[in-house]
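Spelled out, the chains give:
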Amino acid sequence: MSFSASLPKAALDQLKGFITLCKAKPEVLHNSELAFFTDYLLAMGASLPPKPEPEPKQQHREPLPKTTPPPAKEEDMEVESEESDVELDLEGVVKNPDPEEAHEMGDPEKKEMTDEEMEKFDEKRGEAMSAFSEGEWEAAIALFTEAIKLNPNSAAMFAKRGACFIKVQKPNACARDCTRAIELNPDNAGAYKFRGRAHRLLGNFTQAATDLATACKIDFDEQADEWLKEVQPNAKKLAEHQRKKDRKDAEKTLIEKKERIKKAKEAREAAAKEAAENPQQEDMGDMGGMGGMGGLGGLFNDPEMMAAFADPEVAAAFKDISANPANIMKYQNNPKVMALVNKMASKFGGGGGAGGGGMPGMGGMPGMGGMGGMPGMAGMAGMMGGLFGGGGGGSSGGASASSPPPPSSTSKPPTSTDDLD
């Protein structure tokens, strides 16, 4: 039985293209979608190309976000620019100075020497000066140290040993010795001279200029004067830099002060405006005899009073006093609390407690409990009436601040707006 079939040209072209692809990339036959075709080839006895090894998966890394340093503050930029403007001549400054560690300074408590110690001291001092004159600096240091042990109150020995330390490039040790010499004798020109030189080697040009100028003032010395001229240019640059810094600090302080004053003024104006737009309607029926008080507007519009009540210590004290006026005795030595008490007395017309007719018998001041940030103002008003209004109890319209009014059968229970402190 014979079988003949013809394929469309388009199908033949696709088949030819597929065969061409297989020749170019034999590994395509291992594609899972062509499994039916590879099974057919294997059944026909064909051999397939080797299966390619899987490529290692590369870990996908997210690109790191670009971080930019925070912008420098204007103040920091100013300081940095100022520092960069100070170009100092650092030639001659010791790069690796001796460590700032203590060395033998003798017993500072020792006051007097025995005759034997005096003889030994004279001997060691002579040997040390001889080594010093010969330029044997290490030997001189050892001998001056022995002399200092015998007589720790000799400014000359410390100054001379300090000079030796300069010669062996130990400016920190020199500065310590010369400082001790100046403590023992403030008129020791040599100590100022060599301490100034030590500061110059350490790069402390301002201190160096001060010490060298002092040395020349006490006893003019050509070498000290030469060293002074050497450090003056750097010292002047640093002085000018410091003046600029101080001027900027002063200007900054003045600007901050003006800003605080401006904000305080704006706050007062806003408070006054709000008070004018929203006048408080208070029940004054139970508050007879308050002619001397003149209303609470003057109290709460006073910036000093408002600032005082913003102090947590003062607020806590007045809350304590409002609960029991007798507690005012605890704060007699507290200037902040007593200053506010006296100011409130003057506001209420109490005259410092001297029998004014200000606000006797104010009791609990109903409706005053919600004065935000001013704890216990209801009880405080009553307390101030008792303390400054009528000299101990008041007579017009109520009980004193120190004794609560007797309960009344007709009194209403407190509402949520009452001052329950």
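To be clear, the structure that these remarks concern was listed above.
Residues numbered from 1 in each chain as written. Predicted model: local features only at pLDDT ≥ 70, side-chain atom pairs only at ≥ 80, totals over all residues. Heavy atoms only, no water.

Q: Before we move on, could you go through the overall build of the chain and cite the residues and values that matter?
A: Check the secondary structure of the chain and you find 15 helices and zero strands. Across the 421 residues that make up the chain, the buried fraction comes to 30%. Long-range contacts, defined as pairs at least 24 residues apart, comprise 61% of the intrachain contacts of the chain with a sequence gap of at least 6. Just so you have it, the chain exposes about 27,900 Å², and 54% of that area is on carbon and sulfur atoms. (Helix = DSSP H or I, 4+ residues; strand = E, 2+ residues; numbered from the N terminus. Buried < 20%, exposed > 50% of the residue type's maximum accessible area, 1.4 Å probe, protein only. Contact = heavy atoms within 4.5 Å. Areas by Shrake-Rupley, 256 points an atom, 1.4 Å probe, with all protein chains shown as cover.)

Q: Please provide a residue-by-residue account of the packing of aromatic side chains, values included.
A: The description of two aromatic rings rests on the distance between their centres and on the angle between their planes. By the definition in use, this model includes three aromatic pairs. Each ring, one from Phe-132 and one from Phe-144, has its centre 6.4 Å from the other, and the planes form 70°; the classification is edge-to-face. Of the two residues, Phe-132 sits in helix 4 (residues 115-133) while Phe-144 sits in helix 5 (residues 137-150), which places them twelve residues apart along the sequence. By relative accessible area, which is 0% here, Phe-144 ends up buried. Three or more aromatic residues link up through ring pairs in this structure, and these residues are Phe-132, Trp-137 and Phe-144. Positioned over the ring face of Trp-227 is Lys-193, at 5.5 Å from the centre of the ring. (Phe/Tyr/Trp six-rings, centres within 6.5 Å; stacked < 30°, edge-to-face > 60°. Lys NZ or Arg CZ within 6 Å of the ring centre and 35° of its normal.)

Q: A description of the nonpolar core should follow, citing residues and the corresponding values.
A: Ranked by size, the top nonpolar core spans 40 residues in total, and within it Phe-144, Cys-174, Phe-194 and Val-231 carry the most contacts. Those elements that place two or more of their residues in this core are helix 4, helix 5, helix 6 (155-167), helix 7 (171-184), helix 8 (189-202), helix 9 (205-218) and helix 10 (222-277). Here the element with the most residues in this core is helix 6; it accounts for eight residues. With sequence-adjacent residues up to four places away left out, Cys-174 is seen in contact with Gly-162, Phe-165, Ile-166, Phe-194 and Ala-198. (Core = buried A, V, L, I, M, F, W, Y, C linked by side-chain atoms within 4.5 Å.)

Q: Describe the side chain of Lys-193, listing the residues and the values that go with them.
A: Residue position: Lys-193 is located in helix 8. In this structure the side chain of Lys-193 is engaged in a polar contact, spanning 2.9 Å, whose partner is the side chain of Gln-223. If near-sequence neighbours (up to four positions away) are discounted, Lys-193 is found in contact with Leu-212, Ala-215, Asp-221, Gln-223, Ala-224 and Trp-227. (Polar contact = N/O pair within 3.5 Å; in protein donor to acceptor, adjacent residues only side chain to side chain.)

Q: I'd like a description of the pattern of salt bridges, backed by residues and values.
A: Enumeration over the complete set of coordinates arrives at 17 salt bridges. Between Glu-146 and Lys-149 there is a salt bridge, and its shortest N-O distance comes to 3.8 Å. Highlighted residues: Glu-146 and Lys-149, both in helix 5, separated by three residues, approximately one helical turn. With a relative accessible area of 41%, Lys-149 lands in the partly exposed category. One continuous salt-bridge network, built from bridges that share partners, spans Arg-197, Arg-200 and Glu-230. (Salt bridge = Lys/Arg side-chain N within 4 Å of Asp/Glu carboxyl O.)

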